[in-house]
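Each chain, written out:
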Amino acid sequence: MSVDTATVARIASLARIKVTDEEIAAMVPELNGILAWVEQLGEVNVEGIAPMTAVIPNQQRLRDDVVGADPLTGGGVRDKVLSNAPAGEHGFFGVPKVIE
Amino acid sequence: MTDLTDLGVAAIRAGVANGDFSATEVAGAFNTAVADAQPALNAFITLTPDKALEAAAAVDADRAAGKALGKMAGVPIGMKDLFATTGTKTTAASQILGNFVPPYESTVSQKLWDAGAGMLGKLNLDQFAMGSSNETSAFGNVISPWRREGDTAQLAPGGSSGGSSAAVSARIAPAATGTDTGGSIRQPAAFTGISGIKPTYGRCSRWGIVAFASSLDQAGPMARDVRDCAIMLEAMAGFDPKDSTSLDLPVPEWEANLNADLRGKKVGIPREYRMDGMDADVARAWDEGIAWLKDAGAEIVDINLAHTKYALPAYYIIAPAEASSNLARYDGVRYGLRDLPQGAGLQDMYAATRAAGFGAEVKRRILMGTYVLSAGFYDAYYTQAQKVRTLISRDFMDAFQTVDVILAPTAPTAAFGLGEMVSDPLAMYLNDVFAVPASLAGLPAMSVPAGLDRQGLPLGLQLIGRPFDEQGVLDAGLAIEARAGFTARPAKWW
Amino acid sequence: MTGYRIQGATGEWEVVVGLEVHAQISTQAKLFSGAATAFGAEPNTQVSLVDAAMPGMLPVPNMECIRQAVRTGIAINAQINKWSRFDRKNYFYADLPQGYQISQLYHPIVGEGSLEVQLDDKDPESTKTIGIERIHVEQDAGKLMHDQHPTMSYVDLNRSGVALMEIVSRPDLRSPVEAGAYLAKLRTILRYVGSCDGNMDQGSMRADVNVSVRKPGEPFGTRTETKNVNSVRFVMAVVEQEAKRQVALIEDGGTIVQETRLYDPDRNETRSMRSKEDAHDYRYFPDPDLLPIVLDDAFVEECRASLPELPDAKRHRYETALGLSPYNAGVLTAEVETSRWFEALLAQSATQQGKPEGEVAKQAANWLTSELFGALNKLGKGLLESPVSPEAGGELLALIGKGTISGSAAKQVLEIMLETGNTPGAIVEREGLTQTSDTGAIKAAVDAVLAANADKVEQYKGGKEALFGFFVGQTMKAMQGKGNPGLVNEVLKAKLG
């Protein structure tokens, strides 16, 4: 499989990265080079092989339903949450007006 | 008095504990060395001399008060700028986090401070840890302290933990944290003649480390020798309930149990790693390594890791796929860079912010990852890669039925010059061909210095162990270290 | 049963509906963080560093969310998947801090199940089984406010990361009534189970309504999805309006576009949301920050054992063991609070009367559904705000049952109870409402009435049996209304031969 300029433009849009036509033109051969190389995975016989789910066999731990059991992952930290906001106003994050 | 910056972790800790010198003196000496080297090496993004002194003063006070000292007491270290540090800028070497000041501390860095370490500064790295030469940082290249014999060309310190490897090998930090997703601790360690270990996936908490590829990222220490790595890994590792993939296991006493006597151990030599056109010096170093381990009492066994050649392509699907999703949060809404062109809507703001904030390699990987996950391609790429990953892991498990540890080169060549590879992403990716398989299988793996190549540059040997068997890896590393007699260090030209 | 049909210009059309119901799981903390979930907090005060997707933050699942999803699955007789895992659904929006929603696509925790709905209150036979495809657990998104600033929208992440169950029905619904009945029944079950409070006005439960139309017997048409519909009534309206719109559009030569729509209750119509060009490429993949969730048998059994009696079983028991009418059984089991209230009332009444519950259940059911509901209705109150407790109600029923007061006196007592909150015993005593069951006194009164009305006794004996009521009335009047009506009847019948 390979990509063309339209595909790269679509992927860039999906990934929300603004790209110029020149950038797209440069990326097409780069991405195609990488894609052609990863294509060799198709040679591997994977019949009956399950995709890896946990690199070290392990299962999910579940935590108790307690608010703020660990302050590092609890709420009530609005100042911290907003401390780096480019547009933090009145306790909110501001973004350009969205029309739904 | 000895030059304090010549000392490693164990020596500093012992000297501080014995009162041979104070932690404050150590911090001062390294602060000076850092400031002195920074213009030439650019190993750091942010310098924090006050943090180093503050931690040192606390250790000195504890010692004066007769309190017990931690595993890293009095040791100032460099912190890769991927670990969130409260109140100190954490950038991941990207413009998109250029002004980000975390209101929280990563679990691993907190453990190190709790163990008595201090912070010299935040180390440079490849942007979001994506790269093998530290040339993708938004804050400039790191220059390796190493030079080829009779040559002043700037060399790569390896990547992504290039600031860490440069700082430790230049003796401006006794040790540094690294993170390893597909070789980012081991390859830079090999390039700069130091030691570094990536523990079993899940040993070190990922909480508070800027994520690249979640199923692969692991933190680990980079230091001058194996013992220092063992000490520092003990301080970094441990169960963290905040990380679902953290291993709920006690931290072994790796340092106390170090043992270079390998009698009764079997060391596997994977045929598939001996690739066509292998660098002659690398092949020679590998052969020497085999001889050293034999000398240490180990039995050498040839093994097959049949799917080795597929590891790198599988990695370059899985890691970008995870990264494309992990990096979606950098959108200019809650923190970091915001680029809001006149009249732009929300989605335009995202696209402009991410275009301005991410570097070329990061964009390349996000696009790759987006593509392989997109409708119609997911199974062909991502699912196939995860199946191949299962096979790669199985190859290792089969081999570990027979052998205790695997020996291989860390990287296919010694350090290359800055700018030599940047125009060819694929050639750059191939740097990690020997490092990536252990990452995909989540195995503990370490690089130790083996000697110099014909140009006078360091070469590393890699040891790969069973899951949870960091001890076996460290022990074999120690056996090599004892025999390699690696004492070379870069001449101070800065 | 005649199907619901839309009359179009080209003939009859059938509507096909499936619902994806998002139900907030009742927990203290969020799905992947320790922030609180309470409704109505100040903006961004219930947001952890994890919920704000700060760099390096990681999710750890809340056991209670998993447990409640499993309990809900068992309640709809669904397959419980002992191996499940979370996936990421990737898209960009300001209410989605991570740039992905953690959800379950490939391996949901609950598989196939079903529930039975009754389409007509009055007709217990009018049932239909609706298939449920799956229940998965996922994160809720934050909230955008558009009216606080002229050029900006404001983001509040308090809801971000709150646990939801998405309950996906099969496209088995064929009318507004069926869709409404399904949602109402699902809500009832969730509230019985306790996995969701069902507060639709607070957004705890909302439905995405998938609607398509077809000529009967033909394959499914293209469907539209109307998002976030937050009441049973609106769901019914969406089905009706959307079906009509689609039929009109197709018959006009148009085609239905698979799209997302919004319902506008003020205009009672659906409208297209501005479609995002890549809205359908969510790039789902397993979340590498999380591991597979593996449930053991003991966990599932604990979930099963902890379930209360569910509405269908309860309703069946009310009809068979308690002898209630299907209507009363339906009314009393429709809300978990009603059945709880009823069962407390019944227990109290049975104890005080010293009788098995089965013998006094009908009395309790009738009193609750007609007397108390009627009275509360007049006061504009719900059962939970009733000034009369089940204990007091049980006492009142016992007074009736033991013959201490008459039915009409009981109505009076209830009124006073509602006004004053006093106990029925005290009211009866103070108001002197105790009825006389002393047969001697009753006989004396009857004798006096019959003697004073000898002419009417003659007429009665001559065949004018309608006069019986007159004698009852006169006797009661003579006893100031306190005669036990049953005994008065008995004595009169005996005396009149």
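Residues numbered from 1 in each chain as written. Chains lettered and ligands numbered in written order. Predicted model: local features only at pLDDT ≥ 70, side-chain atom pairs only at ≥ 80, totals over all residues. Heavy atoms only, no water.

A short note on the overall build of chain A
For chain A, the count of helices and strands is three helices and two strands. In chain A, the succession of helices and strands from N to C terminus is α-α-α-β-β. Once the C-alpha set of chain A is aligned to its principal axes, its extents read approximately 50 × 45 × 25 Å. Buried residues in chain A amount to 46% of all 100 residues. With an accessible surface of roughly 5000 Å², chain A has 53% of that area assigned to carbon and sulfur atoms. (Helix = DSSP H or I, 4+ residues; strand = E, 2+ residues; numbered from the N terminus. Buried < 20%, exposed > 50% of the residue type's maximum accessible area, 1.4 Å probe, protein only. Areas by Shrake-Rupley, 256 points an atom, 1.4 Å probe, with all protein chains shown as cover.)

Re the overall build of chain C
Summing up its helical and strand segments, chain C has 15 helices and 16 strands in all. By the compact-globule yardstick of 23 Å for 497 residues, chain C is too spread out, its C-alpha radius of gyration being 30 Å. In terms of principal-axis extent, the alpha carbons of chain C reach across some 95 × 55 × 50 Å. Long-range contacts, defined here as pairs at least 24 residues apart, represent 68% of the contacts in chain C between residues at least 6 apart. For chain C, the accessible area works out to roughly 21000 Å², and carbon and sulfur atoms hold 49% of it. (Rg over C-alpha atoms; globule rule 2.2 N^0.38 Å. Contact = heavy atoms within 4.5 Å.)

Focus on the domain arrangement of chain C
Partitioning chain C into domains gives domain 1 (5–303), domain 2 (309–431) and domain 3 (439–496). Taking only C-alpha atoms, the centre of domain 1 of chain C and the centre of domain 3 of chain C are 67 Å apart. (Domains from an automatic or database assignment.)

Some words on the interface of chain B and chain C
Reports often express the size of an interface as the amount of accessible area lost when the parts come together. With 37 residues of chain B in contact, the opposing surface of chain C contributes 31 residues. Where chain B packs against chain C, one counts one salt bridge. The shortest N-O distance in the salt bridge between R206(B) and D289(C) comes to 3.0 Å. There are 18 residue pairs in polar contact (both at pLDDT 80 or more) connecting chain B and chain C. Elements supplying a minimum of two residues to the side of chain B that touches chain C: α9 (308–326), α10 (346–357), α11 (360–373) and α12 (378–402) of chain B. Taken together, the residues of the side of chain B that touches chain C break down into 19 nonpolar, ten polar and eight charged. (Salt bridge = Lys/Arg side-chain N within 4 Å of Asp/Glu carboxyl O. Polar contact = N/O pair within 3.5 Å; in protein donor to acceptor, adjacent residues only side chain to side chain. Nonpolar A, V, L, I, M, F, W, Y, C, P; charged D, E, K, R; others polar.)

Quick word on the environment of G277(B)
Within the fold, G277(B) resides in the loop between β7 (266–270) and α8 (280–295). Measuring from C-alpha to C-alpha, the distance between G277(B) and A323(B) comes to 32 Å, with 46 residues separating the pair along the chain.

Here we look at unusual backbone geometry
A cis amide bond, omega 10°, links G159(B) with the succeeding residue S160(B). Here S160(B) lies in the loop between β3 (118–123) and α5 (162–169). Even without being glycine, N134(B) reaches a positive phi, approximately 65°. Structurally, N134(B) is set in the loop between β3 and α5. Residue N134(B) is classed as buried on the basis of its relative accessible area of 0%. Despite not being glycine, N228(C) shows a phi value in the positive range, around 55°. Inspection of the secondary structure assignment puts N228(C) in strand β12 (residues 224–229).

Looking at the sheet that holds strand β4 (residues 87–90) of chain C
Two orientations exist for strands paired in a sheet by backbone hydrogen bonds: parallel and antiparallel. An order of β5-β4-β15 (chain C) is seen for the three strands of this open sheet, with the pairing classed as antiparallel. Looking at the sheet topology across the chains shown, the edges are occupied by β5 (100–103) and β15 (285–286) of chain C. With four bridges joining them, β4(C) and β5(C) adopt antiparallel strand pairing. In the sheet register, N90(C) faces β5(C), and the bridge partner there is Y100(C). Here α9(B) sits on the sheet and contacts β4, β5 and β15 of chain C; the angle it forms with β4(C), its principal contact strand, is near 60°. (Pairing = 2+ DSSP bridges. Axes fitted to C-alpha atoms, helices over the stretch in contact; angles between N-to-C directions.)

Quick look at the sheet that holds strand β1 (residues 88–89) of chain A
Reading across the sheet, the four strands line up as β1(A)-β2(A)-β9(C)-β8(C) and stay open at both edges, with antiparallel pairing between neighbours. Each edge of the open sheet carries a strand with a single partner, namely β1 of chain A together with β8 (143–145) of chain C. The pairing of strand β2 (residues 92–96) of chain A with strand β9 (residues 152–156) of chain C spans four bridges and is classified as antiparallel. Note on β9(C): the bridge partner recorded for V95(A) is S153(C).

Some thoughts on the interface of chain A and chain B
Every contact between the two is made by 53 residues of chain A and, on the other side, 74 residues of chain B. The contact between chain A and chain B buries some 5200 Å² in all, and 71% of this surface belongs to carbon and sulfur atoms. Considering only the side of chain A, the residues that lose the most area to chain B are W37(A), L41(A) and R61(A), jointly responsible for 13% of the buried surface there. K309(B) is the partner of E43(A) in a salt bridge, and the nearest nitrogen-oxygen pair spans 3.8 Å. (Buried area = accessible area lost by both parts, 1.4 Å probe.)

Things to note about the environment of M275(B)
All names here are of chain B. Along the chain, the position of M275 falls in the loop between β7 and α8. In the structure, M275 is positioned 25 residues away from I300 in sequence and 19 Å away in space, judged by C-alpha atoms. Among residues more than four places away in sequence, those in contact with M275 are T308, V433 and F434.

Examining the packing of aromatic side chains
This structure, assessed with the given rule, holds 30 aromatic pairs over all chains. Ring plane angle 5° and centroid distance 5.7 Å describe the contact between Y378(B) and Y106(C), whose orientation is recorded as stacked. Pair noted here: Y378(B) is in helix α12 and Y106(C) is in the loop between β5 and β6 (113–118), and the two residues belong to different chains. Judged by relative accessible area, which is 12%, Y378(B) ranks as buried. Through successive ring pairs, a cluster of aromatic residues spans F100(B), Y104(B), F128(B), W207(B), Y330(B), Y335(B) and F358(B). A cation sits over an aromatic face here: R147(B) above W493(B), 3.8 Å from the ring centre. The residue whose ring lies beneath K242(B) is W207(B), and the NZ or CZ to ring-centre distance is 4.8 Å. (Phe/Tyr/Trp six-rings, centres within 6.5 Å; stacked < 30°, edge-to-face > 60°. Lys NZ or Arg CZ within 6 Å of the ring centre and 35° of its normal.)

Focus on the packing of helix α2 (residues 21–38) of chain A against α11(B)
Contact pair α2(A) / α11(B): the axes reach a minimum separation of 11 Å and the direction vectors enclose 60°. In terms of crossing hand, the pair formed by α2(A) and α11(B) is right-handed. Contacts between α2(A) and α11(B) involve E23(A), M27(A), E30(A), L31(A), I34(A) and L35(A) from the former and K363(B), R364(B), L367(B), M368(B) and Y371(B) from the latter. The residue inventory of the contact of α2(A) with α11(B), partitioned by class, reads seven nonpolar, no polar and four charged. (Left-handed = near helix turned anticlockwise from the far one by under 90°.)

A short note on the environment of A38(C)
Within the secondary structure, A38(C) sits in the loop between β2 (11–24) and α1 (63–75). Along the primary structure A38(C) and P292(C) are separated by 254 residues, whereas in three dimensions their C-alpha atoms are 29 Å apart.

Quick word on the nonpolar core
Within the largest apolar cluster, 217 residues are counted, with the highest numbers of intra-cluster contacts made by M72(B), L112(B), F128(B), I172(B), L293(B), F396(B) and L407(B). A per-element tally of this core places α9(B) first, with eleven residues. The residues touching L112(B), leaving out its near neighbours within four places in the chain, are M72(B), I77(B), M79(B), A117(B), T177(B), M232(B), A235(B) and M236(B). I74(C), L186(C), I189(C) and A243(C) belong to the second largest nonpolar core, which has 69 residues in total. (Core = buried A, V, L, I, M, F, W, Y, C linked by side-chain atoms within 4.5 Å.)

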